[in-house]
Amino acid sequence: MMRAGWTLALTACIMGTFAGVVPAQQSPPGAASGANAAARPDTVRTTQAGVFTDAQAKRGQQVYAGICASCHTPTSHIGALFDQNWNGHPLSDLYQYVTQQMPQDNPGSLDPNDAADVVAFLLKIYAMPSGAKELAPDTTAMKKIIIDPRSTRPTP
């Protein structure tokens, strides 16, 4: 009898301990529900949520034309190669690549704001939707944005 009482007490303690624990992510990235998404601005989302503005992508196009176009064409950043390198990765990976590895003749020389603008341009040419807020040059925030082209994959 005493053993059954301890078992019940222990079970109640364990259940009470875990009763308030909620899994961190029950839905896929970017699929947060309305009230929960508003309450948790740090929720993971995807590039389908409109993480840059059209004006920012336009600035990025100008930076690209002035610095990147001597080695790359915009169409070299879309299609299977883009999917292979970036699809499903945090946006911070792409941003860090641009800031640390580009331009090829002077890696790491891009201003962080220019690099964010170039990333916005790359997302735009990959047919990702624009939004109301600019993409900030903040790798911590970008780690919470997953690159997700879905069915918007253009062909080169």
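Before reading on, note that the structure itself is shown above.
First things first, this report covers the structure right here in the doc. (Residues numbered from 1 in each chain as written. Predicted model: local features only at pLDDT ≥ 70, side-chain atom pairs only at ≥ 80, totals over all residues. Heavy atoms only, no water.)

1. A few points about the layout of surface pockets
Okay, so step 1: Put simply, the largest pocket is a space of about 330 Å³.
Okay, so step 2: Along its surface, the largest pocket is lined by 17 residues, and His 72, His 77, Trp 86, Tyr 97 and Leu 122 are the ones closest to its centre.
Okay, so step 3: Within the residue set of the lining of the largest pocket, elements represented by two or more residues are helix H3 (54-68), helix H4 (80-86), helix H5 (91-101) and helix H6 (112-125).
Okay, so step 4: If one sorts the elements of the lining of the largest pocket by residue count, H4 sits on top with four residues.
Okay, so step 5: Of the residues belonging to the lining of the largest pocket, the class tally is twelve nonpolar, five polar and no charged.
Okay, so step 6: The calculated volume of the second largest pocket comes to roughly 240 Å³.
Okay, so step 7: Lining the second largest pocket are Arg 45, Ala 49, Gly 50, Val 51, Lys 133, Glu 134, Leu 135, Ala 136, Asp 138, Ala 141 and Ile 145. (1 Å grid on protein atoms, 1.4 Å probe; cavity = no way out; pocket = protein on both sides within 12 Å on 5 of 7 lines; lining within 4 Å. Points joined across faces, edges and corners; volume = space filled by probe spheres on them. Helix = DSSP H or I, 4+ residues; strand = E, 2+ residues; numbered from the N terminus. Nonpolar A, V, L, I, M, F, W, Y, C, P; charged D, E, K, R; others polar.)

2. What about the environment of Pro 103?
Okay, so step 1: One can find Pro 103 in the loop between H5 and H6.
Okay, so step 2: We classify Pro 103 as buried; its relative accessible area is 12%.
Okay, so step 3: Linking Pro 103 and Ile 67, residues 36 residues apart in sequence, is a C-alpha distance of 7.0 Å. (Buried < 20%, exposed > 50% of the residue type's maximum accessible area, 1.4 Å probe, protein only.)

3. Focus on the side chain of Asp 148
Okay, so step 1: The topology assignment puts Asp 148 in the segment after strand E2 (145-146).
Okay, so step 2: Aside from chain neighbours lying at most four places away, what touches Asp 148 is Thr 46, Thr 47, Gln 48, Asn 87 and Met 128. (Contact = heavy atoms within 4.5 Å.)

4. Looking at the packing of aromatic side chains
Okay, so step 1: Tallied over the entire structure, the rule returns three aromatic pairs.
Okay, so step 2: Here the aromatic rings of Phe 82 and Tyr 126 are separated by 4.3 Å at their centres, their planes lie at 25°, and the arrangement is stacked. With a gap of 44 residues between them, Phe 82 in helix H4 and Tyr 126 in the loop between H6 and helix H7 (139-142) connect regions that are remote in the sequence. Accessibility assignment for this pair places Phe 82 and Tyr 126 in one class, buried.
Okay, so step 3: Ring plane angle 55° and centroid distance 5.7 Å describe the contact between Trp 86 and Tyr 97, whose orientation is recorded as tilted. Remark: Tyr 97 occurs in helix H5 and Trp 86 occurs in helix H4; sequence separation between them is eleven residues. (Phe/Tyr/Trp six-rings, centres within 6.5 Å; stacked < 30°, edge-to-face > 60°.)

5. A short note on H6
Okay, so step 1: Here H6 spans 20 Å end to end across 14 residues, near enough to the 20 Å set by a 1.5 Å rise per residue.
Okay, so step 2: Buried residues of H6: Ala 115, Ala 116, Asp 117, Val 118, Val 119, Ala 120, Phe 121, Leu 122 and Leu 123, and no others.
Okay, so step 3: Put simply, Asp 111 is the residue that caps the front of H6, since its side-chain oxygen is 2.9 Å from the backbone nitrogen of Asn 113.
Okay, so step 4: Phi for Ala 127, located one or two positions after H6, is positive at around 65°. (Expected span 1.5 Å × (residues − 1). Polar contact = N/O pair within 3.5 Å; in protein donor to acceptor, adjacent residues only side chain to side chain.)

6. As for the nonpolar core
Okay, so step 1: Ranked by internal contacts, the top residues of the largest apolar core, which has 28 residues, are Phe 52, Leu 91, Leu 94, Val 98 and Val 119.
Okay, so step 2: Elements represented by at least two residues in this core include exactly H3, H4, H5 and H6.
Okay, so step 3: Those residues in contact with Leu 91, other than ones at most four positions away along the chain, are Thr 47, Val 51, Val 119, Leu 123, Leu 135, Met 142, Ile 145 and Ile 147. (Core = buried A, V, L, I, M, F, W, Y, C linked by side-chain atoms within 4.5 Å.)

7. Topic: the pattern of salt bridges
Okay, so step 1: All chains considered together, the criterion is met by three salt bridges.
Okay, so step 2: We note a salt bridge from Asp 54 to Lys 124, for which the minimum N-O separation is 2.6 Å. On the criterion of sequence distance, the pair formed by Asp 54 in helix H3 and Lys 124 in helix H6 is long-range, its members being 70 residues apart.
Okay, so step 3: Residue classification places Asp 54 among the partly exposed positions, given a relative accessible area of 43%.
Okay, so step 4: Judged by its relative accessible area of 36%, Lys 124 is partly exposed.
Okay, so step 5: Close ionic contact of Asp 117 with Arg 59 constitutes a salt bridge, the shortest N to O distance being 3.0 Å. Of this pair, Asp 117 sits in helix H6 while Arg 59 sits in helix H3, placing them 58 residues apart in sequence. (Salt bridge = Lys/Arg side-chain N within 4 Å of Asp/Glu carboxyl O.)

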